[in-house]
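In case you want the letters, here they are:
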Amino acid sequence: MPDQNSIRRLTFQNQLDELEKIHLAASEIVEQWNLPAHLGFTLDLVLEEAFTNIVLYAYNDKDQHEIIIEFENTGYTLLITLVDDGQPYDPTKKDDPDITAPISEREVGGLGIFLIRKMMDDVRYERISNKNVLKLTKNYANEN
Amino acid sequence: MPMKISEQNIKNYTVVAIDGRLDTNHCDTFEKQMMEIVTRSNRLILDCKNLEYISSSGLRIFLVLQKKLMALSGQMKLCQLQPAIKEIFEISGFTMIFSIFSDLEKALES
């Protein structure tokens, strides 16, 4: 049984080398909260895609910014919330890439957000107090 | 976390074994190494037995390589994908684009 009503809130800088820390934090949470081990891969992937997107595209200055990642487990549902103070951007509005296109026509980018949507059960965006709030939900009740 | 590749020539193929994690921070090195290999060989097998993780940045390079090899009338095959990696390939539509084999022998013989 996974730990109930657990919450962890972590703060990262807007730098790609923070991904290593995020990876370690996700592994620690999977272990400490008794989540299914394979969720580690899913968490790594969606966090990397969402975090990288923020770092690369949210800011039009060179300043240091804080990005908050919050993990919350209730029942068999894990909620991940990412909060950044970058320019408004709603990733849920982005079109899916055409994954059936033949190789010659296949675009080389645009898979990141698509993968988040496919790996998660719910992806929601809100703009709250000049901040981007992205909520990713994974229900793992039927997974081992 | 380190990512490394090792290369050997078997039959008429250059077999590149990928070891570790292909994430945003390691994909540039991988791309440079692979582009250098492509200048010497256009028949590649990527052995993914020890590829533990891949994100969209790594997937992008696989696609770039495949396009490059097609332009060179070459060939690229993949083998021994771990189940989690295979799942990402399926979700991304990559299983329709790449020739994927369960083991190296099959990739060499096909």
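Predicted, not measured: the structure shown is a model, and the values here were computed from it.

What counts, and where the lines are drawn
- Residues numbered from 1 in each chain as written.
- Chains lettered and ligands numbered in written order.
- Predicted model: local features only at pLDDT ≥ 70, side-chain atom pairs only at ≥ 80, totals over all residues.
- Heavy atoms only, no water.
- Helix = DSSP H or I, 4+ residues; strand = E, 2+ residues; numbered from the N terminus.
- Rg over C-alpha atoms; globule rule 2.2 N^0.38 Å.
- Contact = heavy atoms within 4.5 Å.
- Areas by Shrake-Rupley, 256 points an atom, 1.4 Å probe, with all protein chains shown as cover.
- Lys, Arg positive; Asp, Glu negative; His and termini not counted.
- Charge placed at Lys NZ, Arg CZ, Asp CG, Glu CD.
- Expected span 1.5 Å × (residues − 1).
- Buried < 20%, exposed > 50% of the residue type's maximum accessible area, 1.4 Å probe, protein only.
- Pairing = 2+ DSSP bridges.
- Buried area = accessible area lost by both parts, 1.4 Å probe.
- Salt bridge = Lys/Arg side-chain N within 4 Å of Asp/Glu carboxyl O.
- Polar contact = N/O pair within 3.5 Å; in protein donor to acceptor, adjacent residues only side chain to side chain.
- Axes fitted to C-alpha atoms, helices over the stretch in contact; angles between N-to-C directions.
- Right-handed = clockwise from strand over helix to strand, strands pointing away.

(A) Broad picture of the overall build of chain B. Secondary structure assignment for chain B yields four helices and five strands. In sequence order, the secondary structure elements of chain B are arranged as β-β-α-β-α-β-α-β-α. Computed over the C-alpha atoms, the radius of gyration of chain B is 13 Å, within 12% of the 13 Å expected from 2.2 N^0.38 for a compact globule of 110 residues. Residue pairs in contact within chain B that sit at least 24 positions apart in sequence constitute 67% of those at least 6 positions apart. Roughly 5000 Å² of accessible area belongs to chain B as shown, and the carbon and sulfur atoms make up 48% of that amount. For chain B, the separation between the mean place of its 13 positive charges and that of its 13 negative charges on side chains is 5 Å.

(B) Structural detail: helix H2 (residues 39-57) of chain A. Taking 1.5 Å of rise per residue, 19 residues should cover 27 Å, and H2(A) covers 27 Å from first to last C-alpha, within 8% of that figure. With respect to burial, H2(A) is a largely interior element, 16 of its 19 residues being buried.

(C) Region of the structure containing the pairing of strand S3 (residues 77-84) of chain A. Residue and element names in this part refer to chain A. With six of its eight residues buried, S3 lies for the most part within the structure. The sheet contact formed by strand S2 (residues 66-74) and S3 spans seven bridges and is antiparallel. Residue pairing for S3: Glu72 is matched across the bridge by Leu79. Remark: two residues form the turn of the hairpin made by S2 and S3, two consecutive strands paired antiparallel; Gly75 in that turn has positive phi of roughly 60°. Judged from the eight bridges that link them, S3 and strand S5 (residues 131-139) form a sheet pairing that is antiparallel.

(D) Region of interest: the interface of chain B and chain A. Taken together, the contact between chain B and chain A spans 27 residues of the former and 26 residues of the latter. Around 2200 Å² of area is buried between chain B and chain A when both sides are counted, 66% of it from carbon and sulfur atoms. Sorting the residues of chain B by area buried against chain A places Tyr53(B), Lys67(B) and Ile91(B) first, and these three jointly supply 24% of that buried surface. Where chain B packs against chain A, one counts one salt bridge. For Arg21(B), the salt bridge identified is with Asp44(A), shortest N-O distance 3.1 Å. At the boundary of chain B with chain A, the tally comes to twelve residue pairs in polar contact (both at pLDDT 80 or more). Counting only elements with at least two residues in the side of chain B that touches chain A, the list comes to strand S3 (43-54), helix H2 (56-71) and helix H3 (83-91) of chain B. Here the element with the most residues in the side of chain B that touches chain A is H2(B); it accounts for nine residues.

(E) Region of interest: the sheet that holds S3(A). Residue and element names in this part refer to chain A. The antiparallel open sheet is built from five strands, whose spatial order is S1-S2-S3-S5-S4. The sheet is open, and its two borders are formed by strand S1 (6-13) and strand S4 (122-128), each paired with just one other strand. Each adjacent strand pair in this sheet contributes to an overall mean axis angle of 15°, direction not counted. When S1 meets S2, the two strands line up antiparallel, connected through eight bridges. Residue Ile7 lies in a different strand from S2, and its bridge partner there is Glu72. Together, S1 and S2 form the strand contacts of helix H1 (residues 19-32), whose direction differs from that of S1 by roughly 170°.

(F) A look at the pairing of S3(B). All names here are of chain B. Inspection of the sheet shows strand S2 (residues 13-22) paired to S3 by eight bridges, in the parallel sense. When the sheet's bridge partners are listed, Val16 is paired in S3 with Leu46. The handedness of the S2 to S3 crossover, carried by helix H1 (residues 27-40), is right-handed. Of the strand pairs in this sheet, S3 and strand S4 (residues 75-79) are connected by five bridges, and their pairing is parallel. Across the sheet, Leu44 pairs through a bridge with Met76, a residue of S4. Regarding the hand of the β-α-β motif, the stretch spanning S3, H2 and S4 is right-handed.

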